[in-house]
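# Breakdown of the fold
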Amino acid sequence: MKRLLTLSILLGTLFPGVYSEETGWNYKQTTLQSFYMFHNSELTIDGTAIQSEDVVGAFSANGVCVGWTYATTDINGYLTVPTVGDDGSDYSGNYLASGDIPTLRVYDASSGDDSTPETQ
């Protein structure tokens, strides 16, 4: 029992889950990762630029969350959305496979809705 507890703590530390309280979106990190970068002017909600309190999520074709980030941009105005892929872990079977392209969704904090963003 003690070994199982130690192993659980170790694996939980090595592969932590990432959870968004606002949306409930969550994923666990894997060894296969990629990042999508967008200029803040490229993502809008109803023609209005996304705000820093909004959340941008990435989803696999079957609707599984494979990454998310707050819509805060770096000093050059870019937003980086992390994504994870199926690396054979027992929890990553529905994550992205090589060549898959995620679907983006934006959680609009001002309205509490999420939708597919408009890109320009």
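In the block above lies the structure referred to throughout.
Everything numeric in this text was worked out from a predicted model, so none of it was measured. (Residues numbered from 1 in each chain as written. Predicted model: local features only at pLDDT ≥ 70, side-chain atom pairs only at ≥ 80, totals over all residues. Heavy atoms only, no water.)

Right, let's get into the overall build of the chain. Tallying secondary structure elements over the chain gives one helix and eleven strands in all. Start at the N end of the chain and walk to the C end: the helices and strands fall as α-β-β-β-β-β-β-β-β-β-β-β. Counting all 120 residues of the chain, 32% fall into the buried class. Restricting to contacts in the chain with at least 6 residues of sequence separation, those with at least 24 account for 58%. (Helix = DSSP H or I, 4+ residues; strand = E, 2+ residues; numbered from the N terminus. Buried < 20%, exposed > 50% of the residue type's maximum accessible area, 1.4 Å probe, protein only. Contact = heavy atoms within 4.5 Å.)

To continue, consider the nonpolar core. Ranked by size, the top nonpolar core spans 22 residues in total, and within it Trp25, Ile50, Val56 and Val81 carry the most contacts. Going through the elements one at a time, strand E4 (43-45), strand E6 (55-59), strand E7 (65-70), strand E8 (78-84) and strand E9 (103-108) are the ones with two or more residues in this core. (Core = buried A, V, L, I, M, F, W, Y, C linked by side-chain atoms within 4.5 Å.)

What follows covers the environment of Asp113. Looking at the element boundaries, Asp113 is found in strand E10 (residues 113-115). Sequence separation between Asp113 and Thr23 is 90 residues, and the spatial gap between their C-alpha atoms is 9.2 Å.

Pairs of aromatic rings are described using the distance from one ring centre to the other and the angle between the two planes. For the structure on display, the rule yields three aromatic pairs. Ring centres of Trp25 and Phe59 lie 5.1 Å apart, and the angle between their planes is 85°; this geometry places the pair in the edge-to-face category. Taken as a pair, Trp25 in the loop between strand E1 (17-19) and strand E2 (26-28) and Phe59 in strand E6 lie far apart in primary sequence, 34 residues in all. Its relative accessible area of 8% is what places Trp25 among the buried residues. By relative accessible area, Phe59 is classed as buried at 5%. Pairing Tyr91 with Tyr95 gives two aromatic rings, centres 6.4 Å apart and planes at 70°, and the pair type is edge-to-face. Cation over ring: Lys28 sits above Tyr91, and NZ or CZ is 5.2 Å from the ring centre. A cation over a ring is seen here: Arg105 above Phe59, with NZ or CZ 4.3 Å from the ring centre. (Phe/Tyr/Trp six-rings, centres within 6.5 Å; stacked < 30°, edge-to-face > 60°. Lys NZ or Arg CZ within 6 Å of the ring centre and 35° of its normal.)

The values are spatial; any link to function lies outside them.
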